[in-house]
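# Results of the structural survey
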Amino acid sequence: MAPAEAPQQGDNEIVHVFWDGRMLAHDTGMGVFDTLFDPGFLEVLEPHPESSDRMRNMVASSKRVPSTTSFHGTGEDLPSYLSCFRSTPLVLSPSPLFTPDRKGYIKELQEADAAGGRELCGGTMLRPGSFDAALVAAGTTLSAMHHILDGHGKIAYALERPPDHHAQPAQADGYCFLNNAGLAIKLALSSGCKRVAVVDIDVHYGNGTTEGFYNSNDVLTISLHMNHGSWGPSHPQGGSIDELGEGRGLGFNLNIPLPNGTGDKGYEYAMMELVTPAVTKFVPDMVVMVIGQDSSACLTMAGYRRIGEILRGLANVHSKGRMLIDQEGGYHVAYSAYCVHETLEGVLRLPSSPSRPYCLLPAGRSPAHQGIYVGDDKVIHFTRGEGQEMGTGTVLDILLVSSSLNPRHPPCPNCAQQQGSNGVVSSCLSCFLAGGYLYRFEYSVSPAFFLAKARGGTCTCADADPAETVIHRATHLLENGFGCYNIFKNNCEDFAIYCKTGLISADERTIGQSGQAMSFLAAAFSSPLRLATSNVYGMAVTAIGVYCASRYAADVGMRSSVMKVSVEDLTARLGDVNGMLSRVPSVAD
């Protein structure tokens, strides 16, 4: 995994914001939640969630921060890292960005606008002024993309409403009329970009953007969203992991449905272990970041900041720093504005603002990353090496294999220079810990001690070999590799246990030596068995018993299917396997 690069000085340090007050003319009205319904007995109706007030606060939060200055003669006070531009509305005809089916849908919108508006689908209101605002919003995103393509800046933020990522080629949905991000992507592809990666972090599935490129291998669409499924005829897509794309686009749509309540740690893990490898494998020459602050129910400002840092790093590595930021939802009128500010500061790697309205909690490290300390402040450990994916031959392989150090701490220059391509790397102790906690993995523990450790990946009943033997294995594997990383069969814990014990599973059908992987599988296996009894206490005892028994039986010190293998024989065997794999034609061939 390539480390995130730090931004360079100069124009690369500025986010060019595209905003136009004419978008405030989209009046979504008052009623009960996202309807215009007045039951007649309520004294106070509530504004539609997608109201202009949320956008006013987002604009205000971008202006009213310390160290402001005036840019481009706008007369507005802006932070020194923002510059503001007015948008050019989308001109509908003639437009090469619209296919015939889209033109039919545009005609439907024009007719509804001429008739005074109507509800296009649940909660999506086209009212007087809405269609013109939608054209300005589309023009805002296109203006921002033009700005990047013409070389005037590397990072542009389309601060626009109505939102767009639910709008499909011929269907309004979820408060969205036109898919502005999709139009900007088409503009980029028609202007010389060969591959565009889109990462959507709105809490709702970016179904419209996905639908627009479902058959394309030029666009990698990634959506992190809560697992809400389909919500009706206007939103038939479920956002599940099996929606992979079709035709040429098969394998170029990655859905990451997150459990409800997923917070900063879960989002960061998904970004580093799923999104980063997928984008890295795709190698885009333009990155589009689709942001929605409706994830703020569980994602804090620090979480938005971290996502901004990660995507900026990917843009620096793959697209020469070029990144379009497209605004979507975010319906907490006050807090969403803070989250926007944090996202932009994260993109620019700026220091955190001095005052915040909410408390932030630091995230720990889970699962643990393990390695072998070999002296001289060096740790040898196993991560996923470059080109080590195995499986489908598409970005979907990242669902099978993944590993990384703490993503908040990129390696120091010395460690970065030593990163190899076979997955086994040497790091200084500081980079290996990277803000995490140091603990010692226990060997030769008793069965009682093992079972008392509820969390897997902390100890084993197997005996450790002498230190010189362990160091010899680790240094030999540093030069020769440890095979392809697999989260269940060959991960960092498997590497560390082999170095310490020399034990390898002789049965390739089973998982490796990893206690963390076994804990995951044991937990999954014990969950349905707890239903074997209807008594709540019996259910708990059954689940705990199965979990502990499964972990103990699978421990490398207790299994009969393990054998002692010298490191030279092991690497020779791995070399034979790699040679066989090199002779197998690739999917591309």
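On a predicted model such as this, the values are computed, not experimentally measured, just so you know.

## Re the packing of aromatic side chains
Two numbers describe a pair of aromatic rings. These are the distance of the centres and the angle of the planes. All told, the structure shown has 7 aromatic pairs when counted by the stated rule. Where F382 meets F482, the ring centres are 5.3 Å apart and the plane angle is 85 degrees; that geometry is what we call edge-to-face. Note that F382 is positioned in strand β16 (residues 378-382) and F482 in the loop between α12 (467-480) and α13 (492-501), a separation of 100 residues in sequence. Under the relative-accessibility criterion, F382 is labelled buried at 0%. The ring of Y498 carries the charged tip of R473 above its face, separated from the ring centre by 5.7 Å.

## Examining the nonpolar core
If you look at soluble globular proteins, the nonpolar side chains tend to sit buried side by side. Core analysis: the biggest nonpolar cluster contains 52 residues, and Y157, I222, L224, I256, M289 and I325 have the highest contact counts within it. In this structure I256 touches I222, S223, L224, H225, A270, L274 and V275, once residues within four positions along its chain are discounted.

## A look at the pairing of strand β13 (residues 286-291)
Along β13, 6 of the 6 residues are buried, which leaves the element largely enclosed by surrounding structure. A two-sided burial pattern is seen for β13, the buried positions comprising M286, V288 and V290 on one face and V287, M289 and I291 on the other. Here 5 bridges tie strand β10 (residues 196-200) to β13, and the two strands are oriented parallel to one another. Paired with A197 across the two strands is V287, which belongs to β13.

## Quick look at the pattern of salt bridges
Under the definition given, this model contains 13 salt bridges. Between D20 and R86 there is a salt bridge, with the nearest N and O atoms lying 3.7 Å from each other. Here D20 is found in the loop between β1 (15-18) and β2 (30-31), whereas its partner R86 is found in the loop between β6 (82-85) and α2 (100-114), with 66 residues between them in sequence. Given the relative accessible area of 59%, R86 is considered exposed. R56 is the partner of D53 in a salt bridge, and the nearest nitrogen-oxygen pair spans 3.2 Å. Residue D53 and its partner R56 are both found in helix α1 (residues 52-63); the two are separated by 3 residues, about one turn of the helix. Connected through salt bridges with shared partners, the residues D20, R22 and R86 form a single ionic network.

## Quick word on the packing of helix α3 (residues 130-149) against helix α4 (residues 180-190)
Two elements in contact, α3 and α4, have axes separated by 9 Å at closest approach and are oriented at 30 degrees. As far as their axial angle goes, α4 and α3 are roughly parallel. Crossing of α3 over α4 shows right-handed handedness. Every residue of α4 that contacts α3 at A137, A138, T141, L142, M145, H146 and L149 is listed here: N180, A181, L183, A184, L187 and A188.

## With respect to unusual backbone geometry
Cis rather than trans, the peptide bond between R161 and P162 has omega equal to 0 degrees. Position of P162 relative to the elements: it lies in the loop between β9 (155-158) and α4. Backbone geometry at F33 places phi at a positive 50 degrees, although glycine is not the residue there. For V283, which is not glycine, the phi torsion reads 55 degrees and is therefore positive. Classification of V283 by relative accessible area gives partly exposed; the value is 39%.

## Examining the side chain of T209
Counting through the fold element by element, T209 comes out in helix α5 (residues 207-212). If near-sequence neighbours (up to four positions away) are discounted, T209 is found in contact with H165, A167, N179, I185, V198 and T221.

## A few points about the sheet that holds strand β15 (residues 371-375)
Pairing within the open sheet is antiparallel, and its 3 strands lie in the order β15-β16-β17. Edge positions in the sheet fall to β15 and β17 (424-428), since each of these pairs with one other strand and no more. Strand-to-strand twist across the sheet, computed as the mean angle between neighbouring axes with direction ignored, equals 30 degrees. Two elements, β16 and β17, share 5 bridges in a ladder whose sense is antiparallel. Counterpart to V379 in the pairing with β17 is S427. Contacts from α13 reach β15, β16 and β17, with the element oriented near 50 degrees to β15.

## Structural notes on the confidence of the model for the protein chain
Summarising the model, the protein chain shows a mean pLDDT of 79, and 72% of its residues fall at 70 or more. A low-confidence stretch, residues 389-393 stays under pLDDT 50, and its non-local contacts, those more than four residues away or across chains, total 14 contacts. Note on residues 536-544: pLDDT is under 50 here. Beyond four places in sequence and across chains, it has 10 contacts.

The rules we used
Residues numbered from 1 in each chain as written. Predicted model: local features only at pLDDT ≥ 70, side-chain atom pairs only at ≥ 80, totals over all residues. Heavy atoms only, no water. Phe/Tyr/Trp six-rings, centres within 6.5 Å; stacked < 30°, edge-to-face > 60°. Helix = DSSP H or I, 4+ residues; strand = E, 2+ residues; numbered from the N terminus. Buried < 20%, exposed > 50% of the residue type's maximum accessible area, 1.4 Å probe, protein only. Lys NZ or Arg CZ within 6 Å of the ring centre and 35° of its normal. Core = buried A, V, L, I, M, F, W, Y, C linked by side-chain atoms within 4.5 Å. Contact = heavy atoms within 4.5 Å. Pairing = 2+ DSSP bridges. Salt bridge = Lys/Arg side-chain N within 4 Å of Asp/Glu carboxyl O. Axes fitted to C-alpha atoms, helices over the stretch in contact; angles between N-to-C directions. Parallel < 35°, antiparallel > 145°, perpendicular 65-115°, else oblique. Left-handed = near helix turned anticlockwise from the far one by under 90°. pLDDT = per-residue confidence, 0-100.

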